[in-house]
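Report on the structure
Single-letter residue listing:
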Amino acid sequence: MNINFTYLPGDGIGPEVGEAAIEVLNAVAVKFGHTLEPEHHLVGGAAIDAGEKPLPDASFESCQRTGAILLGAVGGPKWDHLKGEDRPELGSLLPLRKRLNLYANIRPCKPYPALIERAPLKRERLEGVDFVVMRELTGGIYFGQKGRDTRGAFDECLYSEAEIRRIAIKGFDLAQTRRKKVTSVDKSNVLETSRLWRETVIDVAKDYPEVELEHLLVDAMTMHMLTRAQDFDVILTENMFGDILTDEASVLCGSMGVIPSASLSDGKTGMFEPIHGSAPDIAGQGKANPLAMILSAAWMLRLSFGLKVEADAIETAVANALEQNQTTGDLGGKLNTSAVGEWIAANV
Ligand code: NAD
């Protein structure tokens, strides 16, 4: 198969972890008889430095055409003085999500046995944890009108029923392939958008009689995630609650350096990226852990190209690297970024 995708390394550690992932993808292509065809494009601060917009037209055109995007991370202090859509994150990530209609963001939480000791919770609270957060990504407060007037500042939070329905369907569809439970998280005791969220989720649930549905308020959920994480299967939530809860969930996994994410549209269009940012504090030092980026590449193979065996091979090699401590310093290992990439590439 011709694995043609758009590769956007971005800023900070993005290009470092990206190179490691490309090395692993090359090894997979050789082993399984595929051709790797990455289209390398600028995004974020790297694009700004080259005199372009944060999301250059050529980069967007490639994303639209290939429908499969592997992204490092964008942003950093160098561009923090910029305002609004001139900033790397606001000017590239949000428009990519919106213009490609990537409304379903999926992040897993399944602590690796080798990392349980690194997490701040007790072993008995982490063993058996295996949930996925299905976060709505193109609506809500991040995309509403923002501004300042004589009253102060405002950010509008708007959700249509259709927006809620389509993400709820994605959540229930996913639950059906797993342990058949959806936990919908909202703030329906206070917010009108949350009341519509809950009504719509209850309505969608009627089409999935075999899936158990539970509702939790977001403030309580922050607590339940630490005290009974084993109870969750698919956590379905809106944009901002999902942003916050997924960072909390990353703590259960021992490190954010091992968590990939997928942002999906209808059909096969998808963007795959680690959940961490551009880590400017360690950029250029070979310290960045590339596993989340390598796992994001595995997800791209599985979800955009249907290459399940190849994705499984990468995930097994990552689990073995963790078992054998072939890792970067953040996980207690001694390897640098590229050496981890080489180890995984040699072991797929
Ligand atoms: P961050 O995730 O970049 O870093 C947080 C901490 O985790 C830092 O100490 C960093 O060194 C460490 N870290 C992160 N990834 C690591 C890895 N792979 N290996 C080892 N250590 C790692 O978050 P931040 O510091 O809040 O943000 C830095 C920049 O990244 C900001 O400009 C922010 O806007 C941007 N950001 C971008 C994205 C994205 O592109 N999707 C996401 C989050 C933050």
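Because the structure is a prediction, the values reported are computed rather than measured.

**What to know about empty space enclosed by the protein**
Scanning the entire structure with this criterion turns up 2 cavities of 30 Å³ or more. Taken as a whole, the largest cavity encloses approximately 50 Å³ of empty space. Every residue lining the largest cavity is listed: Tyr159, Val185, Asp186, Leu191, Thr193, Ser194, Trp197, Glu238 and Phe241. Among the elements of the structure, β8 (181-186) and α7 (192-205) are those that each provide at least two residues to the lining of the largest cavity. A total of 3 residues in the lining of the largest cavity trace back to one element, the largest contributor, which is α7. For the lining of the largest cavity, the per-class residue count stands at 5 nonpolar, 2 polar and 2 charged. When its volume is computed, the second largest cavity comes out at roughly 30 Å³. Lining the second largest cavity we find Arg107, Pro108, Cys109, Thr246, Ala249, Ser250 and Ile259.

**Observations regarding the site of the ligand**
Neighbouring the ligand are 19 residues; Val74, Glu89, Gly277, Ala279 and Asp281 lie closest to it. Backbone polar atom of Gly277 to an oxygen atom of the ligand: 2.7 Å apart, as the coordinates give it. In this structure, Ser278 approaches the ligand through a main-chain N or O atom, which is 3.1 Å from an oxygen atom. Here the ligand loses 67% of its free accessible area of 810 Å² to cover by the protein chains.

**Concerning the sheet that holds strand β3 (residues 68-73)**
Here 10 strands make up an open sheet; going across it, the order is β2-β1-β3-β12-β11-β4-β5-β10-β8-β9 and the pairing mixed. A single partner strand is all that each edge strand has here, and the edge strands are β2 (35-40) and β9 (212-217). For this sheet, the mean angle separating the axes of adjacent strands, direction not counted, is 25°. Pairing between strand β4 (residues 104-109) and strand β11 (residues 260-264): 3 bridges, direction antiparallel. By the bridge assignment, Ile106 is partnered in β11 with Ala262. Its contacts with the sheet put helix α6 (residues 161-176) on β4, β5 (131-136), β8, β9 and β10 (234-237), and the angle it makes with β5 is roughly 165°. Those strands touched by helix α9 (residues 239-252) are β4, β5, β8 and β10, and its axis lies near 155° from that of β5.

**With respect to the domain arrangement of the chain**
Domains assigned within the chain are domain 1 (1-100 + 269-348) and domain 2 (103-265). Summarising the inter-unit geometry, the C-alpha centres of domain 1 and domain 2 are found 24 Å apart. Across the boundary between the two partners, domain 1 contributes 26 residues, which contact 26 residues of domain 2. For the pair domain 1 and domain 2, the two sides together bury roughly 2200 Å², of which 65% comes from carbon and sulfur. Here domain 1 is connected to domain 2 by 0 salt bridges. Joining domain 1 to domain 2, the criterion identifies 9 residue pairs in polar contact (both at pLDDT 80 or more).

**Concerning the layout of surface pockets**
If you add up the space inside the largest pocket, you get close to 680 Å³. The wall of the largest pocket is formed by 22 residues, among which Pro108, Lys110, Trp299, Arg302 and Glu315 lie closest to the centre. Counting residues per element, the ones that place at least two in the lining of the largest pocket are β4, β5 and α10 (291-305). Examining the composition of the lining of the largest pocket, we find that 4 residues originate from one element, α10, more than from any other. Domain assignment of the residues forming the lining of the largest pocket places at least three in each of domain 1 (1-100 + 269-348) and domain 2 (103-265). Counted as a void, the second largest pocket has a volume near 410 Å³. Lining of the second largest pocket is provided by 21 residues; of these, Leu93, Arg97, Arg107, Asp243 and Ile275 occupy positions nearest its centre. The element contributing the most residues to the lining of the second largest pocket is helix α4 (residues 88-99), with 5 residues.

What counts, and at which threshold
- Residues numbered from 1 in each chain as written.
- Predicted model: local features only at pLDDT ≥ 70, side-chain atom pairs only at ≥ 80, totals over all residues.
- Heavy atoms only, no water.
- 1 Å grid on protein atoms, 1.4 Å probe; cavity = no way out; pocket = protein on both sides within 12 Å on 5 of 7 lines; lining within 4 Å.
- Points joined across faces, edges and corners; volume = space filled by probe spheres on them.
- Helix = DSSP H or I, 4+ residues; strand = E, 2+ residues; numbered from the N terminus.
- Nonpolar A, V, L, I, M, F, W, Y, C, P; charged D, E, K, R; others polar.
- Near = heavy atom within 4 Å.
- Polar contact = N/O pair within 3.5 Å; in protein donor to acceptor, adjacent residues only side chain to side chain.
- Areas by Shrake-Rupley, 256 points an atom, 1.4 Å probe, with all protein chains shown as cover.
- Pairing = 2+ DSSP bridges.
- Axes fitted to C-alpha atoms, helices over the stretch in contact; angles between N-to-C directions.
- Contact = heavy atoms within 4.5 Å.
- Domains from an automatic or database assignment.
- Buried area = accessible area lost by both parts, 1.4 Å probe.
- Salt bridge = Lys/Arg side-chain N within 4 Å of Asp/Glu carboxyl O.

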